[in-house]
Amino acid sequence: MKKIISVLLTVTVLLGSFLSFNVFAVEPTKTETLFAKIESSQEVAVTLKAGDVDLFGFSRTGATDTIYIKGNKIAYEYDLKFISVRAIYDSKDIYGIIPSFPFFYVKIDGEMIGEPDIWELLAQVSDVTLDVLNFKGSYTETIDGTEYYVEEFDDRAQVASKFYYIGDELKILDVKDAQNGSTNVTYFESISFTVDDSVFEIPAFAFDATPILKMLFASLLGDIVA
């Protein structure tokens, strides 16, 4: 669960930051344009690279984390190529499914979290975590043979944020905090501004296995994303 929270916070900063931009260059930056598009679309799918995972001690596969938001629905999916696990909040309840084996689901009563406004929560967390981004400049930087267009910002204090683009696609977000010496690097697989409604659907023929599999599913999800 710690990883889910980490991913959600990362995407929250990305999605909510447009509310905190007070100073930009005279000409719109790629980052400003990106956040404006997110704001106007009110739906987005962000896929992050989650690194390689060892399987059975001899095989490695690339994993990804994807956050889907549309209206007041949100889903999180952890994908290991051959199998994925998806948690869905449909504005009322929380469901857990395995998309490649859509014959059952587990359900958690949403009353425990109420009915939060997803976009309002994004805005609130953004206001706390990223008050102001101050545009410092842009330049090119080559990493492992790949040239990126970089836009650099700071918070007028200790935190420096670099957004790395190939064309108009955000590929890397590098955030350094000089005060505590921490660095957080996020690698983006893709960002899409359309989300299919099927992402949030529970297969009609699936049966409710909550009484049997609730603890098993929670354990599996916790082990995978811890």
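Residues numbered from 1 in each chain as written. Predicted model: local features only at pLDDT ≥ 70, side-chain atom pairs only at ≥ 80, totals over all residues. Heavy atoms only, no water.

## Here's the deal with the overall build of the protein chain
Part 1 of the argument: Helices and strands together make up the secondary structure of the protein chain, namely four helices and 12 strands.
Part 2 of the argument: A buried classification covers 41% of the 226 residues belonging to the protein chain.
Part 3 of the argument: Taking contacts inside the protein chain between residues at least 6 apart in sequence as the whole, the part at least 24 apart equals 47%.
Part 4 of the argument: For the protein chain, the accessible area works out to roughly 12300 Å², and carbon and sulfur atoms hold 55% of it. (Helix = DSSP H or I, 4+ residues; strand = E, 2+ residues; numbered from the N terminus. Buried < 20%, exposed > 50% of the residue type's maximum accessible area, 1.4 Å probe, protein only. Contact = heavy atoms within 4.5 Å. Areas by Shrake-Rupley, 256 points an atom, 1.4 Å probe, with all protein chains shown as cover.)

## Examining the side chain of Ser84
Part 1 of the argument: In this fold, Ser84 is placed in strand β4 (residues 84-89).
Part 2 of the argument: On the basis of relative accessibility, which here comes to 7%, the residue Ser84 falls in the buried class.
Part 3 of the argument: Within the local environment of Ser84, its side chain forms a polar contact with the side chain of Glu77, the two groups lying 3.4 Å apart.
Part 4 of the argument: Each residue touching Ser84, except ones within four places of it in the same chain, is listed here: Glu77, Tyr78, Asp79, Ile97, Ile98 and Pro99. (Polar contact = N/O pair within 3.5 Å; in protein donor to acceptor, adjacent residues only side chain to side chain.)

## As for the pairing of strand β3 (residues 73-79)
Part 1 of the argument: Burial within β3 is extensive, with five of its seven residues counted as buried.
Part 2 of the argument: Taking the residues between adjacent antiparallel strands as the criterion, β3 and β4 are bridged by four residues, where Lys81 takes a positive phi near 75°. (Pairing = 2+ DSSP bridges.)

## Digging into the packing of aromatic side chains
Part 1 of the argument: For the coordinates displayed, the defined rule picks out seven aromatic pairs.
Part 2 of the argument: Aromatic pair Phe103 and Phe205: ring centres 6.1 Å apart, planes at 45°, arrangement tilted. Placement of Phe103 in the loop between β5 (94-97) and β6 (104-108) and of Phe205 in the loop between β11 (182-192) and β12 (207-208) is noted, with a sequence separation of 102 residues between them.
Part 3 of the argument: Assessed through its relative accessible area of 41%, Phe103 is described here as partly exposed.
Part 4 of the argument: The exposed category is assigned to Phe205, whose relative accessible area is 57%.
Part 5 of the argument: On the numbers, 5.8 Å between centres and 85° between planes, the contact of Tyr148 with Tyr164 is edge-to-face. Separated by 16 residues along the polypeptide, Tyr148 in strand β8 (residues 146-154) and Tyr164 in strand β9 (residues 159-166) bring together distant segments of the chain.
Part 6 of the argument: Assessed through its relative accessible area of 12%, Tyr148 is described here as buried.
Part 7 of the argument: Connected via pairs of aromatic rings, a cluster forms that spans Phe101, Phe103, Phe104 and Phe205.
Part 8 of the argument: Above the plane of the ring of Tyr149 lies Lys30, whose end atom (NZ or CZ) is 5.5 Å from the centre. (Phe/Tyr/Trp six-rings, centres within 6.5 Å; stacked < 30°, edge-to-face > 60°. Lys NZ or Arg CZ within 6 Å of the ring centre and 35° of its normal.)

## Looking at the pattern of salt bridges
In a structure, side chains of opposite charge can pair up when their charged atoms sit close to one another.
Part 1 of the argument: The full count for this structure, using the stated rule, is eight salt bridges.
Part 2 of the argument: Between Lys70 and Asp197 there is a salt bridge, with the nearest N and O atoms lying 2.9 Å from each other. Here the residue Lys70 occupies a position in strand β2 (residues 59-70), and Asp197 occupies one in the loop between β11 and β12, the gap between them amounting to 127 residues.
Part 3 of the argument: With a relative accessible area of 23%, Lys70 lands in the partly exposed category.
Part 4 of the argument: Under the relative-accessibility criterion, Asp197 is labelled partly exposed at 45%.
Part 5 of the argument: The residue Asp174 makes a salt bridge to Lys176 at a minimum N-O spacing of 2.9 Å.
Part 6 of the argument: Taking the relative accessible area as the measure of exposure, Lys176 reaches 38% and is therefore partly exposed.
Part 7 of the argument: Counted as one network, the salt bridges with shared partners bring together Glu43, Lys70 and Asp197. (Salt bridge = Lys/Arg side-chain N within 4 Å of Asp/Glu carboxyl O.)

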